[in-house]
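Descriptive analysis of the structure
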Amino acid sequence: MKKTTPLPADVDPCDQPGHGHAALRLDEARARILAEVRPVEGSETLDLRAALGRVLSAPVRSAVNVPAHDNSAMDGYALAGTDLPDDGEKAFPVIGTSWAGRPFEGAVRAGECIRIMTGATLPEGVDTIVMQEHVRRDGDMAVIASGHRPGQHRRLAGEDIRAGDVALAAGTLLMPAHLGLIASIGTGRVEVRRRPRVAIFSTGDELRGIGEELGEGQIYDSNRYSLHGMATRLGLEVLDLGVVRDTREATQAAFEEAAARADAIVTSGGVSVGEADYVVETLQQYGQVGFWKVAMKPGKPIAFGRVGRALFFGLPGNPVSVMATFYQLVQPALRKLTGSAEADLPILLKATCQSKLKKKPGRLEFQRGILERAADGGYLVRSASHQGAGVLRSMTEANCFIVLPLEQETVHPGAEVEVQPFAGLV
Ligand code: AMP
Ligand code: MG
């Protein structure tokens, strides 16, 4: 593979901000990464149900009004607003019924009313609905008192969507409500962007696959499984390239295969400056963008760049670091790759901390926490088990990150902290 043209930010890694003492702030690292990402090209047409979680590549326009006709928002009686009594009561003969899907045929004249159900079309001559709880029946007559407003409880044709309007813009990430809305205009197929393909591999001589015997000092590769899960949840297609041994040749071969087949590459391990760390060295051959010490914990150096046309994210090896750096740095970039115009709005809640959280100033920390609702409606959070970067159990026990700002020192019980719930994030 050819070395790609170095990008403007490309300089010797040791001269890059983020090296030496000046670690790069997380928001700065995220902004630099996002600036390099362009949505994938190409689209496909899918049946509506299959499009859940996909991103519209073209706007969806409506050929029809929704609702198609003026109709009732209530079960009750429909009449002309001009007939409503100003004071006292007035009795109206009930001349028929309009059901949802079975409209009243004919016109309603002044002084008359019809029985009407929710969703039923308003016939000619009526524009006002009085809910049935406010009507007294007296034989064939409906008795209505004053206090109603002409035009009340009427849904107007086109009130939801007007014929010819763009119902949904390109870049919309399709959630359940969007599927319903598209169905409501009678459209059954939609054009969505191609799913980006992400290649993942783990690096490390100590790693073994499930089913293999563990020798001295060996561990099972867990990162490929958490990465597979995180990428799949984003709606990406995952290409799993397995475990890559810590040699220059194996690392280069994996880079080439990944770049030839994927839009993005996410690896774990081998980005420290240990003797067996070939990821950064290999990335440099292809014109790297950055190799940064990001001021976050967990998360040691992060390698970011391009291999051919593919985006490259070299994450640290520790299982918790992989997850934290993925959520904070890689996920926003992969979202942008999908073409989603959705703003990434990480939800942050304030909670009262019940544990002592050890913290030194200098890094933005993502400690693992267990969040619960207090009786007074506020939130309480406590630390989830061992906070070591290698202790994946802390992620499975936790339901949030406790986000401790750069300059924060140790937190004592009773203090207010910010938490990022996993719901919506993971
Ligand atoms: P490294 O960044 O390659 O120095 O790895 C840091 C730590 O993470 C070491 O203890 C590794 O054994 C561990 N580690 C690296 N990759 C994996 C993996 N795929 N699954 C589980 N642990 C890993
Ligand atoms: Mg390693």
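About the criteria used
Residues numbered from 1 in each chain as written. Chains lettered and ligands numbered in written order. Predicted model: local features only at pLDDT ≥ 70, side-chain atom pairs only at ≥ 80, totals over all residues. Heavy atoms only, no water. Pairing = 2+ DSSP bridges. Helix = DSSP H or I, 4+ residues; strand = E, 2+ residues; numbered from the N terminus. Axes fitted to C-alpha atoms, helices over the stretch in contact; angles between N-to-C directions. Buried < 20%, exposed > 50% of the residue type's maximum accessible area, 1.4 Å probe, protein only. pLDDT = per-residue confidence, 0-100. Contact = heavy atoms within 4.5 Å. Parallel < 35°, antiparallel > 145°, perpendicular 65-115°, else oblique. Left-handed = near helix turned anticlockwise from the far one by under 90°. Nonpolar A, V, L, I, M, F, W, Y, C, P; charged D, E, K, R; others polar. Near = heavy atom within 4 Å. Polar contact = N/O pair within 3.5 Å; in protein donor to acceptor, adjacent residues only side chain to side chain. Bend = angle between axes of the 7 residues up to and from the residue.

What follows concerns the sheet that holds strand β7 (residues 128–131). Pairing within the open sheet is mixed, and its six strands lie in the order β7-β4-β6-β5-β9-β8. Strands with a single pairing partner mark the edges of an open sheet, and in this sheet they are β7 and β8 (135–138). Sheet twist, expressed as the average angle between the axes of neighbouring strands with direction ignored, equals 40°. Bridging between β8 and strand β9 (residues 141–145) involves four bridges; their strand directions are antiparallel. Each residue of the ladder has a partner; that of arginine 137, found in β9, is alanine 142.

The buried fraction of strand β21 (residues 310–315) amounts to six of the six residues, a majority that puts the element mostly inside the structure. Here β21 shows a buried face lined by Ala310, Phe312 and Gly314 and a second buried face lined by Leu311, Phe313 and Leu315. The pairing of strand β17 (residues 264–268) with β21 spans five bridges and is classified as parallel. Pairing of alanine 264 across the sheet is with leucine 311, part of β21. Direction of pairing for strand β20 (residues 301–307) relative to β21: antiparallel, over a ladder of five bridges. In the strand pairing of β21, arginine 306 is matched with leucine 311. Where β20 folds back on β21, the antiparallel hairpin that results is connected by two residues, among which glycine 308 adopts a positive phi of roughly 60°.

Moving on: the confidence of the model for the chain. In this model, the chain carries a mean pLDDT of 92, and residues with pLDDT of at least 70 account for 94%. The model gives residues 2–21 a pLDDT under 50, and that stretch makes 39 contacts with residues more than four places away or in other chains.

Let us now look at the packing of helix α1 (residues 26–35) against helix α6 (residues 319–337). Running from N to C, α1 and α6 cross one another at 25°; their axes reach a closest spacing of 9 Å. One element, α1, and the other, α6, form an angle in the roughly parallel class. The handedness of the crossing between α1 and α6 is right-handed. Residue-level contacts link Leu26, Ala29, Arg30, Ile33 and Leu34 of α1 to Gln328, Leu329, Pro332, Ala333 and Lys336 of α6. The class makeup of the residues in the contact of α1 with α6 is seven nonpolar, one polar and two charged.

What follows concerns the site of ligand 1. Near ligand 1 lie 15 residues; those nearest to it are Glu206, Asp221, Ser222, Asn223 and Gly270. The backbone of glycine 270 places a nitrogen or oxygen atom 2.9 Å from an oxygen atom of ligand 1. Between glycine 317 and ligand 1, the recorded distance is 3.1 Å, taken from a backbone N or O atom to an oxygen atom. Classifying every residue of the shell around ligand 1 gives four nonpolar, nine polar and two charged.

Remark: the principal bend of α6, roughly 50°, maps to phenylalanine 326. Of all 19 residues in α6, 17 are buried; the element is thus mostly enclosed. Positioned one or two residues after α6, glycine 339 has a phi angle of 95°, which is positive.

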